[in-house]
Amino acid sequence: MAAADEEAVRELENRRFRAIVDGDLAEFRDLAHPDLVYTHSSGTLDTLDSFVEKCESAYFVYHRIDHVTDSVTVVGDTAVVIGDMSVDMTAGGIRRELANRSLGVWVRVEEKWKVLAHQATARR
């Protein structure tokens, strides 16, 4: 089951980033836990609602996210995802190119995986 869970979470990570770039915020909400903590590489912290609000208002516009998952570790109903992200986005009207390491935490709730936390850290 662990291998199947790892593969499922890898696919959900791809769907999560694709939803952000596509502006499919209904899909993003469906993938997210209501208590989502979204920590940006700038140190800015968002909840599920505040992140979606910033995307809806075009404060955040994601033009491209290339995310490579290095590892998925599943322990019980929790999965930790480590990866690399290259992001082309506009934040607050400023176009940015970001190179980040990323950490995602997924939890299984009622047989569905939901992203509970995201942490991006700038690569130097």
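Per-chain numbering applies: the sequence of each chain, read as written, is numbered from 1 onward. Per-residue local features are limited, in this predicted model, to residues with pLDDT of at least 70; the limit for side-chain atom pairs, both in listing and counting, is 80 or more; totals at the level of whole chains, interfaces and linings are taken over all residues. Computation of side-chain values: all heavy atoms of the structure, hydrogens and water removed.

Explanation requested: the environment of Ala 19 in the structure shown.
Labels follow the DSSP assignment, with helices taken as runs of H or I lasting at least four residues and strands as runs of E lasting at least two, numbered in each case from the N terminus. Inspection of the secondary structure puts Ala 19 in helix H1 (residues 2-22). Taking the relative accessible area as the measure of exposure, Ala 19 reaches 4% and is therefore buried. Leaving out residues up to four positions away in the same chain, Ala 19 has contacts with Asp 24, Glu 27 and Phe 28. The classification of residues rests on relative accessible area computed with a 1.4 Å probe and restricted to protein chains. Under 20% of the type maximum is buried, over 50% is exposed, and intermediate values are partly exposed. By the convention used here, residues are in contact when the closest approach between their heavy atoms is within 4.5 Å.

Even after reading the chapter, I still don't get the pattern of salt bridges, so can you show me in this structure?
Note that side chains of opposite charge can pair when their charged atoms are close. Any carboxyl oxygen of Asp or Glu within 4 Å of a side-chain nitrogen of Lys or Arg constitutes a salt bridge here. Applying the stated criterion across every chain, the model contains 15 salt bridges. Between Arg 29 and Asp 49 there is a salt bridge whose closest N-O contact spans 3.0 Å. Of this pair, Arg 29 sits in helix H2 (residues 25-31) while Asp 49 is found in helix H3 (residues 48-56), placing the two residues 20 residues apart along the sequence. The partly exposed category is assigned to Arg 29, whose relative accessible area is 35%. The residue Asp 30 makes a salt bridge to Lys 112 at a minimum N-O spacing of 3.8 Å. On the criterion of sequence distance, the pair formed by Asp 30 in helix H2 and Lys 112 in strand E6 (residues 112-122) is long-range, its members being 82 residues apart. Take Asp 30: its relative accessible area is 36%, and that puts it in the partly exposed class. By relative accessible area, which is 42% here, Lys 112 ends up partly exposed. Residues joined in a network through salt bridges with shared partners are Asp 70, Asp 84, Arg 101 and Arg 123.

Can you walk me through H3 in this structure?
An α-helical turn contains 3.6 residues, so any two residues separated by three or four positions project in the same direction. Within H3, burial applies to Leu 48, Phe 51, Val 52 and Cys 55. The arc that holds every buried residue of H3, seen down its axis, measures 95°, which confines them to one face. Packing partners of the buried residues in H3 comprise H1, H2, strand E1 (32-39), strand E2 (45-47) and strand E3 (60-75). Ala 58 sits one or two residues past H3 and shows a positive phi near 70°. By definition, the arc is the one covered by directions from the helix axis to the C-beta atoms.

Sorry if this is basic, but what is going on with the sheet that holds E6 here?
What holds strands together in a sheet is hydrogen bonding between their backbones, with the strands either parallel or antiparallel. The mixed open sheet is built from six strands, whose spatial order is E2-E1-E6-E5-E4-E3. The open sheet has two edge strands with one neighbour each: E2 and E3. Within this sheet the neighbouring strands show an average axis-to-axis angle of 20°, counted without direction. Where strand E4 (residues 78-91) and strand E5 (residues 94-109) come together, 14 bridges link them in antiparallel fashion. At least two DSSP bridges between two strands are required for those strands to pair. To get an axis, fit a line to the C-alpha atoms, keeping to the stretch in contact for a helix; angles then go from 0 to 180 degrees between the N-to-C directions.

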